Amino acid sequence: MSYDLSCCFRNGDKNKYRILWEITDMCNQRCPFCHAKGTNNITIEDVKKILDNLKILQIKDIILTGGEPFLRKDIFEIMDMIQRGGYCVDLCTNGTLLDKEKISNLKKYVSEISVSLDAHNRELYRVLRGRDDFDKVIQNIRELVFQGIAVHLICTLNSHNYPFVEQIIALAEELRVDSIAVANIIADIANDVDYVKSVLLTDAQCKDIMLLIERLRPVTGIIINTKNIRKVCDNKQCMAGKNILGITSDGYLISCIMRRNSRKIKITGKIDAQMLHDLTADYMESFQK
Ligand SMILES: C[S@@+](CC[C@H](N)C(=O)[O-])C[C@H]1O[C@@H](n2cnc3c(N)ncnc32)[C@H](O)[C@@H]1O
Ligand code: SF4
């Protein structure tokens, strides 16, 4: 899998789709850069309808995201349904709501998991995510690795954690995770756009991060994905629509959950292959403009 040619929503299979599905919009954290509004929590009946609809698409795997997927009491039931539907299932989580038992249960469903970690210590974590959850997240990452689940970290960058990228990567290495994606914040999807604009990295800082990572790559034991170090995702090599799709928490199929204003299809309704074709063609065109 080439991590630099696919974004932090990576996909190793060029002929099939990976879907990022916001299985809830509810969250136990309130990160000011995020788009989660705490308003949508799809019913299990609609989850079933969506899984039936997805059969017409060439899907390899479904990655559950949110909001915080582990806030749902039925998250294991949902993973079970996805697995029985013949798809691989992965998760993206803030890592705060896991424990030994849940991690042990998770092993039946996932071989890898994405965990957000944007800080190397408690103080910075609290500044970024507004909660004192650092120790819990670190404990859970250690337990995931110990129980044999490959961990992929996502470090969302802004001016607060920019000076500490080297320490965050060192921590990732110490935790023995498989990889880390160092990604910039996308301003226009955030709940608090003005806040995000005030903490966005400058172009010079983005270049510094790239240079730092080029220096670290030969000496670190983990994969560092950097494609999203930019203020907007405008790269023609972006996999969205080609082999990555999203489902928003209000039940729309979309090419990328990070570009929420692009064309959508209500995925709990009736869909066909032509609708998917139109959706992805529209998205590709938006990159040509
Ligand atoms: C929306 S969260 C959902 C899953 C889970 N709650 C978590 O925090 O990992 C998924 C990822 O999106 C990132 N994210 C949130 N808002 C973002 C934004 N405006 N731009 C870029 N990434 C963002 C988060 O940092 C996190 O790594
Ligand atoms: S980034 Fe994740 S943890 Fe933070 S508010 Fe958004 S959904 Fe919740």
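Just above sits the structure.
Residues numbered from 1 in each chain as written. Chains lettered and ligands numbered in written order. Predicted model: local features only at pLDDT ≥ 70, side-chain atom pairs only at ≥ 80, totals over all residues.

1. Some remarks on the site of ligand 2
1) Next: If you check the shell around ligand 2, you find Cys 27, Gln 29, Arg 30, Cys 31, Cys 34, Ala 36, Gly 66, Gly 67, Glu 68, Asn 94 and Arg 129 and nothing else.
2) Next: Here the shell around ligand 2 is composed, by residue class, of four nonpolar, four polar and three charged. (Near = placed C-beta within 6 Å. Nonpolar A, V, L, I, M, F, W, Y, C, P; charged D, E, K, R; others polar.)

2. Some points on the pairing of strand E2 (residues 59-65)
1) Next: Burial analysis of E2 places five of its seven residues in the buried class, the great majority of the element.
2) Next: Bridge count between strand E1 (residues 17-22) and E2: six bridges; the pairing is parallel. Its bridge partner being in E2, Ile 19 is matched across the sheet by Ile 62.
3) Next: Handedness of the crossover joining E1 and E2 through helix H1 (residues 44-53) is recorded here as right-handed.
4) Next: Where E2 lies against strand E3 (residues 88-93), four bridges are found, and the strand directions are parallel. Residue pairing across strands places Ile 62 opposite Val 89, the latter belonging to E3.
5) Next: After leaving E2, the chain enters helix H2 (residues 75-84) and then returns to the sheet as E3, a path that is right-handed. (Buried ≥ 20, exposed ≤ 12 C-beta atoms within 10 Å, placed from the backbone. Helix = DSSP H or I, 4+ residues; strand = E, 2+ residues; numbered from the N terminus. Pairing = 2+ DSSP bridges. Right-handed = clockwise from strand over helix to strand, strands pointing away.)

3. A word on the environment of Arg 176
1) Next: Topologically, Arg 176 is positioned in the loop between helix H6 (165-174) and strand E6 (179-184).
2) Next: For Arg 176, a count of 13 C-beta atoms within 10 Å puts it in the partly exposed group.
3) Next: Placed 26 residues apart in sequence, Arg 176 and Ala 150 show a C-alpha to C-alpha distance of 9.2 Å.

4. Notes on the site of ligand 1
1) Next: Around ligand 1 sit 19 residues, and of these Asn 94, Ser 116, Ile 154, Thr 156 and Ile 186 come closest.
2) Next: Sorting the residues of the shell around ligand 1 by element identifies E3 and strand E5 (150-157) as the ones contributing at least two each.
3) Next: Looking at the shell around ligand 1 residue by residue, the classes come out as 11 nonpolar, seven polar and one charged.

5. Some details on unusual backbone geometry
1) Next: Across the junction of Gly 66 and Gly 67, the peptide omega takes the value 20°, indicating a cis bond.
2) Next: Even without being glycine, Arg 176 reaches a positive phi, approximately 65°.

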